Amino acid sequence: MSPTQFRGRFITFEGIDGAGKSTQIAAAVALLEARGIAVVQTREPGGTPLGERLRELLLHEPMHLETEAMLMFAARREHLAAKIEPALARGRWVVCDRFTDATYAYQVGGRGLDRDKFDVLEAWVHPNLQPDLTLVFDLSPELAAARMQAAGNAPDRFEREQRAFHERVRAAYLERAGRAPQRIRVIDAGREPAVIRAEVEAIVGGLCAA
Ligand code: TYD
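Residues numbered from 1 in each chain as written. Predicted model: local features only at pLDDT ≥ 70, side-chain atom pairs only at ≥ 80, totals over all residues. Heavy atoms only, no water.

To keep it simple, the criterion reads: UniProt positions are given in the numbering used here, feature names are shortened, and annotations may be inferred rather than shown by experiment.
The protein is annotated in an unreviewed UniProt entry as Thymidylate kinase of Thauera phenolivorans. The UniProt entry for the protein carries the following text under Sequence similarities (unreviewed entry): "Belongs to the thymidylate kinase family." In UniProt, the protein has this text filed under Function (unreviewed entry): "Phosphorylation of dTMP to form dTDP in both de novo and salvage pathways of dTTP synthesis."

Focus on the site of the ligand
Rules: We call a residue near a given molecule or strand whenever any one of its heavy atoms falls within 4 Å of it. In protein, a polar contact requires one atom able to donate a hydrogen and another able to accept it; more generally it is a pair of N or O atoms within 3.5 Å, and residues adjacent in sequence count only if both atoms are side-chain atoms. Only the protein chains shown count as cover for residues, and the accessible areas themselves come from Shrake-Rupley with a 1.4 Å probe. A pocket here means an open set of points on a 1 Å grid, computed over the protein atoms alone, that has protein on both sides within 12 Å along at least five of seven lines. A cavity is instead a set of points where a 1.4 Å probe fits but cannot get out; residues with an atom within 4 Å of a point line either one. Each molecule is assigned to a cavity or pocket provided more than half of its atoms lie within 2 Å of the corresponding grid points. Helix and strand labels come from DSSP, where a helix needs a run of H or I of at least four residues and a strand needs a run of E of at least two; each type is numbered from the N terminus. Asp, Glu, Lys and Arg are counted as charged, while Ala, Val, Leu, Ile, Met, Phe, Trp, Tyr, Cys and Pro are counted as nonpolar; the rest, among them Gly, fall into the polar class.
Near the ligand you find 16 residues, and of these D17, R98, T103, Q107 and E159 are the closest. Between the ligand and the protein, one listed contact pairs an oxygen atom with a side-chain N or O atom of R55 at 2.9 Å. For the ligand, whose free accessible area comes to 550 Å², the fraction covered by protein is 88%. Judged by the proximity of its atoms to the pocket grid, the ligand belongs to the largest pocket. With 4 residues, the single largest contributor to the shell around the ligand is helix 4 (residues 100-110). The class makeup of the residues in the shell around the ligand is 6 nonpolar, 2 polar and 8 charged.

Section: the packing of aromatic side chains
Selection rule: Centre distance within 6.5 Å is the pairing criterion for rings of Phe, Tyr and Trp, where only the six-membered ring of Trp is used; planes under 30 degrees apart are then read as stacked, over 60 as edge-to-face, and the remainder as tilted. The classification of residues rests on relative accessible area computed with a 1.4 Å probe and restricted to protein chains. Under 20% of the type maximum is buried, over 50% is exposed, and intermediate values are partly exposed.
Going through the model one piece at a time under the given rule, you end up with 7 aromatic pairs. Seen from their ring centres, Y106 and Y173 are 6.4 Å apart, and the 85 degrees between their planes marks the pair as edge-to-face. With Y106 in helix 4 and Y173 in helix 7 (residues 163-179), the pair connects residues that are 67 residues apart, well separated along the chain. Relative accessible area serves as the criterion here: at 5%, Y106 is assigned to the buried category.

Describing the environment of R7
To be explicit about the condition: It only takes one pair of heavy atoms within 4.5 Å for two residues to be counted as in contact.
Note on placement: R7 falls in the segment before strand 1 (10-15). Through-space distance from the C-alpha of R7 to that of A87 is 8.7 Å; in sequence the pair is 80 residues apart. Non-local contacts of R7, meaning those with residues more than four positions away in its chain, are made with L88, G91, L129 and D132.

Topic: the pairing of strand 4 (residues 133-138)
Stated formally: At least two DSSP bridges between two strands are required for those strands to pair.
Taken across its 6 residues, strand 4 has 6 buried, putting it largely inside the fold. Where burial is concerned, the two faces of strand 4 agree: the one with L133, L135 and F137 and the one with T134, V136 and D138 are both buried. Taken together, the 5 bridges between strand 1 and strand 4 define a ladder with parallel strand orientation. If you follow T12 over to strand 4, its bridge partner there is T134.

In C-alpha cells, the structure reads:
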C-alpha cells in the first residue's frame, strides 16, 4: 500500500458571518470522534501562533485589499506547513473553520480582488491540495445579521461591512460551489439547527464510509 492511502481527510466549513457554522463544526467533530477518527480541529485565518497574530491584524487593522489577500494566504502557508499537511500525512482528519474558498468569497467577491491575482496566490500556496469536502452554510445576509445581533458579540472588520458586501460574499460562495459540485456542498442554513445537523452528519458520515 502506498503511504498516500493512509492520508487523512480535509474538511472545511464556510459561509457568510452569522450562518451558524460553529455549532455544526462541533457536531461534525463529535460525529467523527464517535467513529474513532482522530481529528485536528483548526481555523483560518489562524491555526498557528503566527497565524493567530496575523488574524488579529486581519480582523481589526484597516489595510489595502491586496495586503489583506496576501496576509490571508501567508497565514495559510504557515498553517499548511506547520499543521494541516503534517496532520493529514499522519492520517489525521483535519476539520477547518474556513479556508481558500473564504478568500475567494470575501476578497474576490466581497472586496473585488482581481481574480487572476487570487488564482496566482492559490496556485502558489497550495498547488496540489484542495479540501476533500467543503460545506457552505448558505443564508440570507438579513437573517445572518439578525442572528449576530442577537448573539451580541462585538463585530470585527468584516462583520461591520454593509449588507451589499455580504450579498457579494454569498454570491461568490455559490458561484464557486457551482464550479466544484463534487467537493462543495451547499447547506440551507436558514432551517432549524437540528435539521441542519442531521444533514451535516449525513454528508460527513458519507465521507467516513467512502
Ligand atoms: P470567522 O472565524 O468565521 O469569524 P468569527 O470568529 O467571527 O466566527 O472568520 C473571520 C473573518 O475572516 C470572517 O469575517 C471572514 C474573514 N475571512 C476572509 O475575509 N478571508 C479568508 O480567507 C478567511 C479565511 C476569512
